[in-house]
Amino acid sequence: MKYSTILSGQHFVFDSVKEVLAKAGEHKSGDILAGVAAKSDIERIAAKDVLAGMTLKELYENPVVSYEEDEVTRLNVDGLNQKIYQEIQNWTVSELREWLLSYKADNASIHRISKGLTAEMIAAVCKLMTNLDLIYVSQKIRVIATCNTTVGERGIMGTRLQPNHPTDNVEGITASLFEGLSYGCGDVLIGLNPVNDTVSSLSEVLKRFDEVKNTFEIPTQICVLGHINDQIEAVKRGAPCDMIFQSIAGSEKGNRAFGFSAETVREAQELLRTQGTAAGPNVLYFETGQGSELSSDAHWGADQVTMEARCYAFARPFQPFMVNTVVGFIGPEYLYDSKQVTRAGLEDHFMAKLSGLPMGCDCCYTNHMMADQNDIENLALLLGSAGINYILGVPSSDDIMLNYQTNAYHDINAVREILGLRPIPAFERWLEKMGIMENGRLTSRAGDPTIFMKKGR
């Protein structure tokens, strides 16, 4: 079926729902690289005009990857609440947008409606939103999950403490960990990206994290972000682990390029329920980021926002404790500059929360992008306003292992103070006990890692 509109005396024709979705998206270097982007601003506006009048039923009936060929599509469709979908199938995308922005749409009603939305519907309404629209709707939605502590409550903004090290030296990791804790970070997760993705290396770091967590009685979660298969094996061999992690894609082909399937995730989930160290019930951690499907030729001719929405459709049935987009990590081939990174961060947060996921963001950039630290701090503040569950923190904003820049340990506290937000309550009580925080603000002891130094370490 062809879709068409006339704009400024020009006749625009689009061959498919997939093409309308792609050309209606905001300008992204990754879509240009894939050859699916609008060729001009007026063509983009024309596609938005067509998309605005499209019904949710048309999007339901035209997934960007077919049901028969793709596991993600099957999860997307099979998990839909058909009763709710039947109620809204004749809404246009424009009507869905207007409803989300209206006072009628509160947290409870949005959660209900989201059960009848596929990823393509969520991507479509996202493409009609301004940045302020994305922030406004996102802050309405709270997605709460519990591992050892509970994330997502209103008024709370958490952190993932990322103590990466260029050689996975456990003592170096521990020093960075202590610094992050001293700045009040780590309430959502103490999580390392390993250099050596081996079972033995993952186990060694997990044991140190578990030791620190138990020695200082820290109410938090631990995870080492190795490949899911290696984490599974580490847990089977007795490594302490609260959550299992995996990067995910918006197509089965993309996930297979990452080396796993939905069945692998189910195995990890069941393993942690019987051998994990967390109370649960939410024991999984997923990461995403626009452009990953294109990098493995697994995008099926679709745009990166739509594929990103499909990541969340994959994640939703597994009820993870945390999801985050590593928004600027791949580089300028997919998100060229700060404007594109900011837009992508707001899009991803909105789409994940509308999908019912507890969403965070790694507000990052690589040194060959047209972005700098001010841009990333801007994004962190915008996402804080939008009700983000958490952001990441590293020493001095510089991840010396991944070679990218993100937020510093101390950034989160500035955002919290500006917006009147707090850490997870159990973690804040622990910070007060340690003398690091008082009445929601850091004390003079903050930033001093020697608080945690013990003889022999």
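Rules used in this analysis
- Residue positions are counted from 1 within each chain, in the order its sequence is given.
- Only residues with pLDDT of at least 70 get local features here, since the model is predicted, and only at 80 or more are side-chain atom pairs given and counted; chain-wide, interface and lining totals rely on the full set of residues.
- The basis for every side-chain value is the complete set of heavy atoms in the structure, and neither hydrogens nor water enter the calculation.
- Helical segments are the DSSP runs of H or I of at least four residues, strand segments are the runs of E of at least two, and each set is numbered from the N terminus.
- Only C-alpha atoms enter the radius of gyration; for comparison, a globular chain is expected to reach 2.2 Å times N to the power 0.38, where N is the number of residues.
- Accessible area is worked out with a 1.4 Å probe on protein chains only. A residue is then buried under 20% of its type maximum, exposed over 50%, and partly exposed in between.
- One confidence number per residue, pLDDT, is output by the predictor and ranges from 0 to 100.
- Patches draw on residues past 30% relative accessible area with no salt bridge. Two like charges within 9 Å are joined, as are two nonpolar side chains (Val, Leu, Ile, Met, Phe, Trp, Tyr) within 5 Å.
- All accessibility values rest on the Shrake-Rupley procedure with a 1.4 Å probe; residue burial counts only the protein chains present in the view.
- Think of a salt bridge as a Lys or Arg side-chain nitrogen and an Asp or Glu carboxyl oxygen that are within 4 Å of each other.
- Pairing of aromatic side chains requires ring centres within 6.5 Å, counting the rings of Phe and Tyr and the six-membered ring of Trp. Pairs whose planes differ by under 30 degrees are stacked, by over 60 edge-to-face, and all others tilted.
- Only buried residues count toward a nonpolar core. Its members are Ala, Val, Leu, Ile, Met, Phe, Trp, Tyr and Cys residues joined through side-chain atoms within 4.5 Å.
- Contacts: residue pairs with any heavy atoms within 4.5 Å of one another.
- If DSSP finds at least two bridges between two strands, the strands pair.
- Crossovers are marked right-handed if the path from the first strand over the helix to the second runs clockwise, as seen with the strands pointing away from the viewer.
- Orientation is described by axes fitted as lines to C-alpha atoms, over the contacting stretch for helices, and by angles from 0 to 180 degrees between their N-to-C directions.
- Angles are sorted into four bins: roughly parallel if under 35 degrees, roughly antiparallel if over 145, roughly perpendicular if 65 to 115, and oblique for all others.
- Should the near helix be turned anticlockwise from the far one by less than a right angle, the crossing is left-handed, and should it be turned clockwise, the crossing is right-handed.
- Residues are grouped as follows: nonpolar covers Ala, Val, Leu, Ile, Met, Phe, Trp, Tyr, Cys and Pro; charged covers Asp, Glu, Lys and Arg; every other residue, Gly included, is treated as polar.
- Within 3.5 Å is the distance limit for a polar contact, defined as a pair of N or O atoms, with the added protein rule that one can donate a hydrogen and the other accept it, and that residues adjacent in sequence qualify only through two side-chain atoms.

## Notes on the overall build of the protein chain
Next, step 1: Regarding its fold elements, the protein chain presents 21 helices and 16 strands.
Next, step 2: Against the compact-globule benchmark of 23 Å for 457 residues, the protein chain has a radius of gyration of 22 Å, which places it among compact chains.
Next, step 3: When its C-alpha atoms are laid out on the principal axes, the protein chain stretches across 75 × 45 × 40 Å.
Next, step 4: Classification of the 457 residues of the protein chain by burial places 61% in the buried group.

## Examining the confidence of the model for the protein chain
Note: predicted coordinates in regions of low pLDDT should not be interpreted at a detailed level.
Next, step 1: Scored by pLDDT, the protein chain has a mean of 96; 99% of the residues are at 70 or more.
Next, step 2: Taken element by element, the predicted model of the protein chain shows its lowest mean pLDDT in strand S13 (residues 398–399) (89) and its highest in helix H9 (residues 119–127) (99).

## Quick notes on a nonpolar patch on the surface
Next, step 1: Where nonpolar side chains cluster on the molecular surface, the patch consists of Leu 381, Ile 418 and Leu 419 and spans about 240 Å² of accessible area.
Next, step 2: Inspection of the secondary structure puts Ile 418 in helix H20 (residues 411–419).

## So, the packing of aromatic side chains
Each aromatic ring pair is described using two quantities: the centre-to-centre distance and the angle formed by the ring planes.
Next, step 1: Scanning the model with the defined rule gives 13 aromatic pairs in all.
Next, step 2: Ring centres of Phe 178 and Phe 216 lie 6.0 Å apart, and the angle between their planes is 85°; on these two criteria the pair is classed as edge-to-face. Of this pair, Phe 178 sits in helix H11 (residues 170–182) while Phe 216 sits in the loop between helix H12 (199–215) and strand S7 (222–224), placing them 38 residues apart in sequence.
Next, step 3: Among the residues examined, Phe 216 registers a relative accessible area of 11% and is labelled buried.

## Remarks on unusual backbone geometry
Next, step 1: The omega torsion across Gly 280 and Pro 281 is 15°, close enough to zero to call that bond cis.
Next, step 2: Position of Pro 281 among the secondary structure elements: in the loop between helix H15 (262–275) and strand S9 (284–288).
Next, step 3: Phi angles above zero are rare outside glycine, and Ser 8 is one such case at about 55°.
Next, step 4: A positive phi angle, close to 55°, is found at Asn 439, a residue other than glycine.
Next, step 5: Within the fold, Asn 439 resides in the loop between strand S15 (437–438) and strand S16 (441–442).
Next, step 6: Classification of Asn 439 by relative accessible area gives exposed; the value is 61%.

## Brief notes about the nonpolar core
Next, step 1: If you look at the biggest cluster of nonpolar residues, it comprises 148 residues, and the most contacted ones within it are Leu 100, Leu 181 and Phe 350.
Next, step 2: With sequence-adjacent residues up to four places away left out, Leu 100 is seen in contact with Ala 105, Ile 110, Val 125, Met 129, Val 137, Lys 140, Phe 350 and Leu 354.

## Some thoughts on the pairing of strand S11 (residues 359–362)
Next, step 1: The side-chain alternation of S11 yields two buried faces, one formed by Met 359 and Cys 361 and the other by Gly 360 and Asp 362.
Next, step 2: Pairing geometry for strand S10 (residues 322–326) and S11, over four bridges, is parallel. Paired with Asn 324 across the two strands is Gly 360, which belongs to S11.
Next, step 3: Traced from S10 through helix H18 (residues 338–354) to S11, the parallel crossover comes out right-handed.
Next, step 4: In terms of strand pairing, S11 meets strand S12 (residues 390–393) through two bridges, oriented parallel. Paired with Gly 360 across the bridge in S12 is Tyr 390.
Next, step 5: Handedness of the β-α-β unit built from S11, helix H19 (residues 373–385) and S12 comes out right-handed.

## Let's talk about the pairing of strand S1 (residues 3–7)
Next, step 1: Relative to strand S2 (residues 10–14), S1 runs antiparallel, the two sharing five bridges. By the bridge assignment, Leu 7 is partnered in S2 with Gln 10.
Next, step 2: Here S1 folds back onto S2, and the loop between the two strands holds two residues, one of which, Ser 8, carries a positive phi near 55°.

## Digging into the sheet that holds strand S8 (residues 244–247)
Next, step 1: Spatial ordering of the open sheet is given by S7-S6-S5-S12-S11-S10-S9-S8, a layout of eight strands whose pairing is parallel. Each of the sheet's edge strands pairs with one partner strand only, and the pair in question is S7 and S8. Taking each pair of neighbouring strands and ignoring which way they run, the sheet shows an average axis angle of 25°.
Next, step 2: Relative to S9, S8 runs parallel, the two being bridged by four bridges. Looking at the pairing, Gln 246 lines up with Phe 286 of S9.
Next, step 3: The sheet strands contacting helix H17 (residues 304–315) are S9, S10 and S11, and the helix crosses S9 at an angle near 170°.

## Focus: the packing of helix H5 (residues 71–78) against H17
Next, step 1: It is the contact of H5 with H17, at a shortest axis distance of 8 Å, that shows an interaxial angle of 65°. One way to sum up the angle between H5 and H17 is to call them roughly perpendicular. Judged by the twist between their axes, the crossing of H5 over H17 is left-handed. Packed against H5, whose contacting residues are Glu 71, Val 72, Thr 73, Leu 75 and Asn 76, the element H17 presents Arg 310, Ala 313 and Phe 314 at the interface.
Next, step 2: In terms of residue class, the contact of H5 with H17 is built from four nonpolar, two polar and two charged.

## Digging into H5
Next, step 1: H5 sits mainly inside the fold: six of its eight residues count as buried.
Next, step 2: The N-cap of H5, judged by a side-chain oxygen 2.9 Å from the amide nitrogen of Val 72 a few residues on, is Asp 70.

## Thoughts on the pattern of salt bridges
Next, step 1: In total, this model carries 28 salt bridges according to the counting rule given.
Next, step 2: One salt bridge in this structure joins Lys 23 and Glu 43, with 3.0 Å as the shortest N-O distance. One end of the pair, Lys 23, is in helix H1 (residues 17–24); the other, Glu 43, is in helix H3 (residues 41–53), and 20 residues separate them in sequence.
Next, step 3: Note on Glu 43: relative accessible area 11%, which makes it buried.
Next, step 4: When salt bridges with common partners are traced through the structure, they connect Glu 19, Lys 23 and Glu 43 into a single cluster.

## Digging into the environment of Phe 318
Next, step 1: By the element assignment, Phe 318 lies in the loop between H17 and S10.
Next, step 2: Sequence-distant contacts of Phe 318, defined by excluding residues within four places in its chain, comprise Ala 262, Val 265, Arg 266, Gln 269, Leu 284 and Phe 286.

## A few points about the packing of helix H7 (residues 93–101) against H9
Next, step 1: At a closest axis distance of 9 Å, the pairing of H7 and H9 adopts a crossing angle of 75°. With respect to H9, the element H7 is oriented roughly perpendicular. Here Val 93, Leu 96, Arg 97 and Leu 100 of H7 lie close against H9, whose contacting residues are Met 121, Ala 124 and Val 125.

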